[in-house]
Amino acid sequence: MMRALILGGIADASLLAAEIARAGIDAVYSYGGRTRAPADQPLPTRSGGFGGAGGLADTIRREGITHVIDATHPFAVGMSRNAVEACAETGTPLIALERAPWDNVPGDNWIEVADVDAAVAALPESPAKVFLAIGRQHIAPFAARPQHAYTLRFVDPPEAPPPFAADVIVSRGPFTLDGELKMMRMRGINWIVARNSGGDGARAKIDAARRLGLPVIMISRPQLPERLRVESVTEVMQWLGHRTCLGA
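Residues numbered from 1 in each chain as written. Predicted model: local features only at pLDDT ≥ 70, side-chain atom pairs only at ≥ 80, totals over all residues. Heavy atoms only, no water.

Looking now at the packing of aromatic side chains. Taken as a whole and judged by the stated rule, the model has 3 aromatic pairs. Plain terms: the ring middles of Tyr150 and Phe164 are 4.7 Å apart, the flat faces sit at 50° to each other, and that makes the pair tilted. Here Tyr150, found in strand β8 (residues 149-154), pairs with Phe164, found in the loop between β8 and β9 (166-170); they are 14 residues apart in sequence, far enough to count as distant. Here Tyr150 falls in the buried class, since its relative accessible area comes to 2%. Given the relative accessible area of 10%, Phe164 is considered buried. In textbook terms, an aromatic cluster arises when at least three aromatic residues are bridged by ring pairs, as seen for Phe142, Tyr150 and Phe164. When the ring centre of Phe50 is taken as reference, the NZ or CZ atom of Arg46 above it lies at 3.9 Å. The cationic tip of Arg195 hangs over the ring face of Phe75; the distance from NZ or CZ to the ring centre is 5.1 Å. (Phe/Tyr/Trp six-rings, centres within 6.5 Å; stacked < 30°, edge-to-face > 60°. Helix = DSSP H or I, 4+ residues; strand = E, 2+ residues; numbered from the N terminus. Buried < 20%, exposed > 50% of the residue type's maximum accessible area, 1.4 Å probe, protein only. Lys NZ or Arg CZ within 6 Å of the ring centre and 35° of its normal.)

What follows concerns the environment of Ile192. Assignment of secondary structure puts Ile192 in strand β10 (residues 191-195). In this structure the C-alpha to C-alpha distance between Ile192 and Ala133, which are 59 residues apart in sequence, comes to 7.3 Å. Here Ile192 is in contact with Phe131, Met184, Lys205, Ala209, Leu214, Pro215, Val216 and Ile217, once residues within four sequence places are set aside. (Contact = heavy atoms within 4.5 Å.)

As a further point, take helix α2 (residues 52-62). Those residues of α2 not exposed but buried are Ala53, Gly55, Leu56, Ala57, Thr59 and Ile60. Turning to α2, the residues buried within the fold contact β1 (3-7), β4 (67-70) and α3 (77-90). Residue Gly64 follows α2 closely and has a positive phi angle near 65°.

Right, let's talk about the packing of α2 against α3 for a bit. A pair of packed helices can be characterised by two numbers: the angle between their axes and the separation between those axes. The contact between α2 and α3 brings their axes to 8 Å, and the two run at 50°. Relative to α3, the element α2 lies oblique. For the crossing formed where α2 meets α3, the hand is right-handed. Taken together, the residues of α3 that come into contact with α2 (itself represented by Gly52, Ala53, Leu56, Ala57, Ile60 and Arg61) are Met79, Asn82, Ala83, Glu85, Ala86, Cys87, Glu89 and Thr90. Here the residues of the contact of α2 with α3 are counted per class, giving 8 nonpolar, 3 polar and 3 charged. (Axes fitted to C-alpha atoms, helices over the stretch in contact; angles between N-to-C directions. Parallel < 35°, antiparallel > 145°, perpendicular 65-115°, else oblique. Left-handed = near helix turned anticlockwise from the far one by under 90°. Nonpolar A, V, L, I, M, F, W, Y, C, P; charged D, E, K, R; others polar.)

All right, on to the sheet that holds strand β5 (residues 94-97) then. Whether parallel or antiparallel, the strands of a sheet pair through hydrogen bonds between backbone atoms. Across the sheet, which stays open at both edges, the 6 strands sit in the order β3-β2-β1-β4-β5-β12 with parallel pairing between neighbours. Strands at the two margins of the open sheet, each flanked by one partner only, are β3 (45-47) and β12 (229-230). Looking at chain direction, β1 and strand β2 (residues 26-31) are connected through 5 bridges and run parallel. Pairing of Ile6 across the sheet is with Tyr29, part of β2. Each of β1, β4 and β5 touches α3; the most contacted strand, β5, lies at about 160° to it. (Pairing = 2+ DSSP bridges.)

Here we have 6 strands laid out as an open sheet, ordered β6-β11-β10-β7-β8-β9, and parallel in their pairing. In this open sheet, the two strands that pair with only one neighbour each are β6 (110-113) and β9. Taking the axes of each pair of neighbouring strands and ignoring which way they run, one obtains an average angle of 20° across the sheet. Direction of pairing for β8 relative to β9: parallel, over a ladder of 5 bridges. When the sheet's bridge partners are listed, Phe154 is paired in β9 with Val170. Against the sheet, helix α6 (residues 204-212) engages β6, β7 (129-133), β10 and β11 (216-219), with an angle of about 150° to β10.

Right, here's the structure in full:
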């Protein structure tokens, strides 16, 4: 009997859950626990960590998991590494659903950096209005540049104030080009810091920056362990041995 474990995080993980439910596959959807009010899923769900690679391996054995799909955020390095290690330990097939990164196209003004610390260093010395589109767990290093006026956007209201003065927007994507243009113009944004997460749901801010001629400090994706990787729900379903008819 097949029993799949989806390690969720990206928008396509919800599309995958719907397709797996439609196919009648026994599966569990796991949330990382960062979002306090996650979207409903058509599958049984769990939330929170596993306790490292060993805890995930124990869960795989205890729950009778036969296939693991890593559909976490491209920057969720710890979970992806734990999945590789746990699946190797238990002999469980693993596939990663990983959207392609964004490309730098004509009109973009990107400053590509390796990590958050390099993004902080790439900001100008003179005060600027900066949109930090990087998630709340990565903002603390920007306290080293307190001269800037920051705009932050979170899915959930922050449990504690940011470590620097900031305008906080609470909103859940996907976001539109018109909406991003309006937001940036209203707040006078003149620098953007983003992670190259790829996909369509978060791309509007990158398109808006191009339209407005704004510089984008783009944080490159981290190196992840080698594993089978695909870019579509259809390919995951084929790997699971099921035909799909998405949108039917």
